[in-house]
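Geometric and topological summary
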Amino acid sequence: MANLKVQFGSITMKNPLVMASGTFGFGKEYGQLYDIERLGGIATKGLTLEKRSGNTGMRIWETPSGILNSVGLENPGVEAFIKEELPYLNNLNVVKLVNIGGKTLQDYVDAIAMVSKEKADMIELNISCPNVKEGGMAFGITADSTRRIVRAARNATQLPLVVKLSPNAEDIVKAAVVCQEEGADGITLINTVKAMAIDIDKRKSIFDNMYAGLSGPAIKPIALRMVHEVCKNVSIPVMGVGGITTWKDVVEFIMVGATCVQIGTANFIKSTIPLDILEGLEAYMVQEGINSLEEIRGII
Amino acid sequence: MANLKVQFGSITMKNPLVMASGTFGFGKEYGQLYDIERLGGIATKGLTLEKRSGNTGMRIWETPSGILNSVGLENPGVEAFIKEELPYLNNLNVVKLVNIGGKTLQDYVDAIAMVSKEKADMIELNISCPNVKEGGMAFGITADSTRRIVRAARNATQLPLVVKLSPNAEDIVKAAVVCQEEGADGITLINTVKAMAIDIDKRKSIFDNMYAGLSGPAIKPIALRMVHEVCKNVSIPVMGVGGITTWKDVVEFIMVGATCVQIGTANFIKSTIPLDILEGLEAYMVQEGINSLEEIRGII
Amino acid sequence: MAKIISNREIAPDTYLMAVQGKYSGKMGQFYMLRSWRFYPLLSRPISIHDINDDSISFLYRVAGEGTVLLSQLKTGDELHLEGPFGNGFPELKGKVAIVGGGIGAAPLYYAAKALGSSSEVENLDIYLGFREEPLRLEAFEALANKVRVQLGGNVTELVNPNSYDYIITCGPEAMMEALYKKSVGSSAKVYVSIERHMACGIGACLVCTCETKSGNKKVCKDGPVFLGEEVYHG
Amino acid sequence: MAKIISNREIAPDTYLMAVQGKYSGKMGQFYMLRSWRFYPLLSRPISIHDINDDSISFLYRVAGEGTVLLSQLKTGDELHLEGPFGNGFPELKGKVAIVGGGIGAAPLYYAAKALGSSSEVENLDIYLGFREEPLRLEAFEALANKVRVQLGGNVTELVNPNSYDYIITCGPEAMMEALYKKSVGSSAKVYVSIERHMACGIGACLVCTCETKSGNKKVCKDGPVFLGEEVYHG
Ligand SMILES: Cc1cc2nc3c(=O)[nH]c(=O)nc-3n(C[C@H](O)[C@H](O)[C@H](O)COP(=O)(O)OP(=O)(O)OC[C@H]3O[C@@H](n4cnc5c(N)ncnc54)[C@H](O)[C@@H]3O)c2cc1C
Ligand SMILES: Cc1cc2nc3c(=O)[nH]c(=O)nc-3n(C[C@H](O)[C@H](O)[C@H](O)COP(=O)(O)OP(=O)(O)OC[C@H]3O[C@@H](n4cnc5c(N)ncnc54)[C@H](O)[C@@H]3O)c2cc1C
Ligand SMILES: Cc1cc2nc3c(=O)[nH]c(=O)nc-3n(C[C@H](O)[C@H](O)[C@H](O)COP(=O)(O)O)c2cc1C
Ligand SMILES: Cc1cc2nc3c(=O)[nH]c(=O)nc-3n(C[C@H](O)[C@H](O)[C@H](O)COP(=O)(O)O)c2cc1C
Ligand code: FES
Ligand code: FES
C-alpha cells in the first residue's frame, strides 16, 4: 500500500496536502462538509495582532483559469482566534499552521509570541500578501527586509517557522536563502501574484485597493518554476502552492522538490477536491510502485 | 466615426493593434490568410546578429488558459532577415518593429546598427526572452544591466527605440524609469513569464531548456498591473502586451495607460482575431461616443 | 453528479431547470452549480426555485459565461451542485408580502410555497415587477390569492408596508433599498436577499462581504437574507 | 463556423465526424479544429480524412481535453476550422504502398482515394495495423485490390519495400522509423507524416520543429509529410 506520509522538518504529516491560508477559514466550514481529518494539514486564515475588517468593495474577480482576491487580511485578531477558533482546530488530528501577517515588525513579533504560547504546530509567516497597503508583502520584496522580519520572527518563537514568500519578490531564490540563513524551518511558496482587473464601464479598477492577488491554475506554471528554483538552492523543506487542482499537479510539485503542497483556490472548484486528489495520488503511487513520495521528490 | 489612430512617440499608427514578436513570423504567413494591412503594426520574430536554430525538444505546452513556449530565438540572423524578409514587410502599409535579441552587448549593438541602415520603423529591444540561457533576459533583470544595454542600443541607432521589458525583472518600474532616462522612445511590456511544466511519466521537465515562457490569457491580470504601474511612472509611451484576446482587453490596457497594445498568443486562437478585436473596438467607441482613444487612455 | 431532467427557456434568456434527486433546503437558500470541469473556475450561486420529492429546480437568467453553459444543458446531462447554503428566509407569521423584481422572483416561488402553506401566516400577498415579461406567473398565482404584477415601472409603488407584518424581497438593489426605505416607520419588517460574487459559498474565504450595521457579514453564510435595516443603514 | 453533419463513435474512443461545407485540401494536409471559445487555448490539428462536394470529414481518436470536446459535438453543433494547412503527400506514380498504424489511418483514406484514382499510379496496396479493432476497413477495401490488416504485432512486417516505388506512411513514430529503416537500399522512397504539438499551424511561430538532415523544418508548413531519409537520418 502506498504511504502518503511526509516529514516536513520535525513535523510528520499523514499526507502532503495542506489547505492554503485564506481559502479554508479556520477549518470549521469545510469540516461540516467532509472529514477534514483526512487532510495532512490546515493553514489558518492570515491573522494579525489586531482584528482587521479587510478591504472595502469587490473582493473577488474571476479571470481566465484564475481568480483575483482582495480580502485584505480580514481576521478576528490573534486573541479572538486563540479563544474562538483554535480549540476547534486543536481537536483535529491534522497539522495546524497558524498564518501570521502584520503591519509592523513589532506587530508580527507580538502576534507570534502570543500564538507560541498555545498548542499549534507551526507558524507560517506571511510576508507576501499583496492586498494590504501598509505591510505584509513589503517585507517580502527585498532580501534585506526579508532577513529583518525572519530574524525577528525566529527570535519570537520556538515553534517550527515556515516563511511564506511572495512571487513578487525581487529575487525569490535569494529570499529563500535568507530564510534558511535566519533559521527558518521551511518555506511556503507562492502566495498570490500582484495583478489587476478593470471595470471598463465604470472606468475603474475592480478593486478599491487597485491591485489584487492572482491565484489558481493560471499561475501554476509560475509557481512550479519558483518552487524548482528554490528547492535547488535551499536544504530546508518547501511547501509548494499555486494552482494545484489535480493529483498530477501534486506529483509535479513533489518532483520539482516540494516536501508537501498546499491547496488553495481549488477548494472553490469542489469542496471535496482534496479527497479526489488524495485518491488519485494513492492510485498513482500504487501503479508506479512508489512506496514513499521520497522516491520522486526533487528528481527534476 | 471612431478614429482608431494612435500616436506612439513620433510614429503614427492607424490603430493600436501591433502583432507581438514571435507569434507572427515576419508577416507572410498571416498575410496569406487575411489583409494584414488592416493592422497597426507588426513586430518581427526576435532577431539576433547570427542565425540561431533555437532550442531542441518540445517547444510548446498548453497550460490552463496559457501556453509555455521554448522556441529559444530561432531566427535566420539579421542579414538574412534584411535580404529575405524585410522587403515583404516594407511593401506593407503597417508600422514595422524589428525585434532584436542577443547574447552580448556587442551582438545587440551590431545587429541594431545593421537594421538601422534599412527602412524600418522601430527597433524593439528584447531584453526579456526567458528562453535563452546565454543572455536576452539576463539584461532585463536588474536596473543596472538594463541601463547598460539601453544606453548601448540608444547610441547604435537613430530609429525610434522601444525596450521590451521582462515581467521577471526585479523591479519593473525601476527598469522602465531607467529606459526613459537612457533615451528610449517607448516601452513594451510584458514578455513571457518564466515558468515550467513537468512530464510526470518521463519524470523530467517538458522542456530541454528546463524553464519556458508563459503567455496568454492566464497572465493578462499580471500584465495589466505591470502596465498600470509603469504608466504611472514614466512619460514615454507604452505598448501593453500579455493575454490580450478581446476588444475589452484592449480597452482595459488603454485605460491603464497603454498607448497601443500587442496581440501574441491570441493569434493562435483564431488567425483573424485581430480583425474581430478591431471591429469590437470600433463598435465600443461608437457606442460610448469616444472619438479618440486618447479620451480614455490612462484614466485609471 | 446529478442529472438534468429538463432545462427550458421560459422567457427570453431565462431558464427553468429541473434536476433529478432528493435535495434539501429552506426557502431563500442557494446551491453552488457547475456543469463544467475547471473552466470557468468558480461555481455559480443559484437560489432554490423549488424542491419536490425527487427533484430540485432553478430559475436563472443568462448573464455571462457560466449561465450560458448552464443554459446549454440538455436532458440527461450532468450537473455538479453543492448546497444548500446560506441562512434562507426566516419562518414568519401574520401578514406577509413577497416582493420580487425580475429574476429576483427565483427564490420567491419556493418562499411563497412555504409561507403559503404555513399555518402561522394569516395572509400572503405577492408583488412581482418585470421589465417586459412576467416569469412563472401562473405558478405564483396558484400559491396566493393576491398576486399583483407590474410590467415596467416600479413594483414597490404597489406595496403598502402598513398592510403587513413582514415583507420579504429579492431583486435589484435599488428596488430592495427603496422598499426598505418606504417601510421605515411602518408595521412591516423587511427582509432582503443580497447578491455578492462568491468563491467558497460556505463562509471560509471572506470574499462575499456585506457591510452591515453590525459589521462585516458573509453573504454566503450569514446571508443571503438580511434585515433591511442591517444592510441599508446610514 | 461550420455545422456538424454527424459525429459517430466508430470504434472505442475513435470518432468519424462529418462537417458541412465546401472544403479544399490535398491528401495529407490538415485543418486546425476547435469547437470551444477560449479554453483550451490551442486549436487541434486533425488530418483530412475525406472531402466530398459538400462536406469534409475527420477521423480522430480521443486523446485528451480537446478531442473529448470534439467527441461531444452533436449534429447541428458548430465547429471552427481553419485550413487546409501543410504540404500534404506528393503526387506519386508507379507502384505505391500505403502503410498506416492505428489512428495514423486517418489521413490515409483520403490519400488512398486520390492515389487510387490517379492514372499515374500502376498499383496501390494498403497495409493497416491496429492494436485491436480495424478502422474504416470496408471503406479502405473499396479503394484498393489489396488491403492487408495486422491486428496486434507489427504491420511493417507485411510490407516488402522492393515491391514498391513509393511508400507513404502515417502512424506511431517507431513504426514509421522501422519502415523507413527497412526500406533503406530498396526500390522504395518512403514518405512519413510527422506529428508535433502546434500553435499557429501556418509556419509563423516556430514551435513545431522537426530536426531534419537539412536543418529545422516546420511540421505545420514544410510538413507534416517528409521523406523518411530527411527525418530518420543519423
Ligand atoms: C445567493 C445568490 C443567489 C442567486 N440566485 C440566482 C437565481 O436564482 N437565478 C439567477 O438567475 N441568478 C441568481 N444569482 C445570480 C447569479 O449567481 C449570477 O447571475 C451568476 O453567477 C452569473 O454568472 P455568469 O457566469 O453567467 O456571469 P459572469 O458575469 O460571466 O460571471 C463572472 C463571475 O461573477 C460572478 N457573478 C456575476 N454576477 C453575479 C451576481 N449577480 N451575483 C453573484 N455573482 C455574480 C459569477 O458567479 C462569476 O464568478 C444569485 C446570486 C447569489 C449571490
Ligand atoms: C498534422 C497533424 C495531423 C493530425 N491528424 C490527426 C487525425 O487525423 N486524427 C487524430 O486522431 N489525431 C490527429 N493528430 C493528433 C491530434 O492533433 C492530437 O491527438 C490532438 O491534438 C490531441 O489533443 P487533445 O486535446 O485531445 O489532447 P491533449 O493531450 O489534452 O492535448 C494537449 C495539447 O497537446 C497537443 N497534442 C497532444 N497530442 C498531440 C499529438 N499527437 N500531435 C500534435 N499535438 C498534440 C494538443 O494539440 C494540445 O495542444 C494530428 C496531429 C498532427 C500534428
Ligand atoms: C481568497 C484568498 C485569501 C487568501 N488569504 C491569504 C492569507 O490570509 N494569508 C496568506 O498567506 N495567503 C492567503 N492567500 C493565498 C493562498 O494561501 C495561496 O498562497 C494562493 O492562493 C496560491 O495558491 P492557489 O493558487 O492554490 O490558491 C489567499 C488566497 C485566496 C484565494
Ligand atoms: C511562440 C512565442 C514566441 C515568442 N518569441 C518572442 C521573440 O522572439 N521576441 C520577443 O520579444 N518576444 C517573444 N514572445 C513573447 C510575445 O511577443 C509576448 O510578449 C508574450 O507572448 C505575451 O503576450 P501574449 O500573452 O499576447 O502572447 C514570444 C511568444 C510566443 C508565444
Ligand atoms: S463565498 Fe467564501 S465566505 Fe462567502
Ligand atoms: S505551429 Fe506555428 S510554426 Fe508550426
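Note: the structure precedes this text.
Here we summarise the structure given alongside this text.

Thresholds, definitions, all that
- Residues numbered from 1 in each chain as written.
- Chains lettered and ligands numbered in written order.
- Predicted model: local features only at pLDDT ≥ 70, side-chain atom pairs only at ≥ 80, totals over all residues.
- Heavy atoms only, no water.
- Near = heavy atom within 4 Å.
- Polar contact = N/O pair within 3.5 Å; in protein donor to acceptor, adjacent residues only side chain to side chain.
- Areas by Shrake-Rupley, 256 points an atom, 1.4 Å probe, with all protein chains shown as cover.
- Nonpolar A, V, L, I, M, F, W, Y, C, P; charged D, E, K, R; others polar.
- Contact = heavy atoms within 4.5 Å.
- Buried area = accessible area lost by both parts, 1.4 Å probe.
- Salt bridge = Lys/Arg side-chain N within 4 Å of Asp/Glu carboxyl O.
- Helix = DSSP H or I, 4+ residues; strand = E, 2+ residues; numbered from the N terminus.
- Pairing = 2+ DSSP bridges.
- Axes fitted to C-alpha atoms, helices over the stretch in contact; angles between N-to-C directions.
- Phe/Tyr/Trp six-rings, centres within 6.5 Å; stacked < 30°, edge-to-face > 60°.
- Buried < 20%, exposed > 50% of the residue type's maximum accessible area, 1.4 Å probe, protein only.
- Lys NZ or Arg CZ within 6 Å of the ring centre and 35° of its normal.
- Parallel < 35°, antiparallel > 145°, perpendicular 65-115°, else oblique.
- Left-handed = near helix turned anticlockwise from the far one by under 90°.

All names here are of chain A. Residues in contact with ligand 3 amount to 22 residues; listed here are only the nearest, S21, K164, G216, G243 and T265. Note that an oxygen atom of ligand 3 is positioned 2.7 Å from one of the backbone N or O atoms of S21. Contact distances for ligand 3 include 3.1 Å between an oxygen atom and a side-chain N or O atom of N126. Protein coverage of the free-state accessible area of ligand 3, which is 600 Å², stands at 99%.

Residues and elements named next belong to chain B. Close to ligand 4 lie 22 residues; S21, K164, G216, G243 and T265 are nearest. In this structure, an oxygen atom belonging to ligand 4 sits 2.7 Å away from a main-chain N or O atom of S21. Measuring from an oxygen atom of ligand 4, one finds a side-chain N or O atom of K164 at 2.7 Å. Protein burial of ligand 4: of its 610 Å² of free accessible surface, 99% is covered by the chains. Its residues assigned to classes, the shell around ligand 4 comprises five nonpolar, 15 polar and two charged.

Below, the discussion takes up the interface of chain A and chain B. Contacts between the two partners involve 39 residues from chain A, matched on the other side by 39 residues from chain B. A combined buried area of about 3,400 Å² lies between chain A and chain B, and 66% of that area is made up of carbon and sulfur atoms. Linking chain A with chain B are four salt bridges, by the criterion used here. Note that E288 of chain B is salt-bridged to R203 of chain A, the shortest N-O span being 3.4 Å. Applying the counting criterion to the chain A and chain B interface returns 11 residue pairs in polar contact (both at pLDDT 80 or more). For the side of chain A that touches chain B, the secondary-structure elements that each account for two or more residues are β11 (193-195), β13 (204-205), α7 (220-231), α8 (247-255) and α9 (273-288) of chain A. Broken down by class, the residue content of the side of chain A that touches chain B amounts to 25 nonpolar, five polar and nine charged.

Moving on, we come to the sheet that holds strand β8 (residues 122-126) of chain A. Residue and element names in this part refer to chain A. Taking strand neighbours around the barrel as the criterion, the eight strands line up as β3-β4-β7-β8-β9-β10-β15-β16 in a closed arrangement whose pairing is parallel. Between one strand and the next, the sheet's axes are offset by a mean angle of 25 degrees, whatever the strand orientation. Sitting on the sheet, helix α5 (residues 143-156) is in contact with β8 and β9 (161-164), with an inclination near 155 degrees to β9.

This part is about the packing of aromatic side chains. Evaluation of the coordinates by the stated rule reveals 25 aromatic pairs over all chains. Measuring from centroid to centroid gives 4.4 Å for Y39 of chain C and Y39 of chain D, while their planes differ by 5 degrees, and the two rings are stacked. Of this pair, Y39 of chain C sits in the loop between β3 (30-34) and β4 (44-47) while Y39 of chain D sits in the loop between β3 (30-34) and β4 (44-47), which puts the two residues in different chains. For Y39 of chain C, a relative accessible area of 16% translates into the label buried. Through a chain of ring-to-ring contacts, three or more aromatic side chains come together here, namely Y23, Y31 and F58 of chain C. When the ring centre of Y109 of chain C is taken as origin, the NZ or CZ atom of R136 of chain C, which lies over that ring, is 5.0 Å away.

All names here are of chain C. The strand order across the open sheet formed by six strands is β10-β9-β8-β11-β12-β15, and the pairing between neighbours is mixed. Across the chains shown, the open sheet's two edge strands, defined by having one partner strand only, are β10 (146-151) and β15 (225-227). On average, adjacent strands in this sheet sit at an angle of 20 degrees to one another, irrespective of strand direction. Seen against the sheet, helix α2 (residues 106-116) touches β8 (94-101), β9 (121-130) and β11 (166-170) and runs at an angle of roughly 165 degrees to β8. Contacts between helix α4 (residues 173-183) and the sheet are confined to β8, β11 and β12 (189-193), with β11 contributing the most and set at about 165 degrees to the helix.

On to the packing of helix α5 (residues 143-156) of chain B against helix α6 (residues 172-181) of chain B. All names here are of chain B. Contact pair α5 / α6: the axes reach a minimum separation of 9 Å and the direction vectors enclose 25 degrees. On the basis of their axis angle, the class for α5 and α6 is roughly parallel. When you trace α5 past α6, the crossing you get is right-handed. Within the contact between the two elements, α5 uses A143, T146, R147 and V150 and α6 uses K174, A175, V178, C179 and E181. Tallied by class, residues from the contact of α5 with α6 come to five nonpolar, one polar and three charged.

Once that is clear, we can look at the environment of E252 of chain A. Along the chain, E252 of chain A falls in helix α8. Sequence separation between E252 of chain A and A176 of chain A is 76 residues, and the spatial gap between their C-alpha atoms is 20 Å. Not counting chain neighbours up to four residues away, the residues in contact with E252 of chain A comprise K220 and L224 of chain A together with I198 and I200 of chain B.

A few words on unusual backbone geometry. A cis amide bond links L189 of chain A to the next residue, I190 of chain A, at an omega of 15 degrees. Locating I190 of chain A in the fold gives a position in the loop between β10 (186-189) and β11. For the bond running from G223 of chain D to P224 of chain D, omega is 10 degrees, close enough to zero to count as cis. Mapped onto the fold, P224 of chain D is located in the loop between β14 (215-218) and β15 (225-227). One non-glycine residue, R203 of chain B, lies in positive phi territory at about 55 degrees. Note on placement: R203 of chain B falls in the loop between β12 (198-199) and β13 (204-205). A positive phi angle, near 60 degrees, is found at D13 of chain D, a position not held by glycine. Among the structural elements, D13 of chain D can be located in the loop between β1 (2-11) and β2 (14-20).

Any link to function would need more than the numbers given here.
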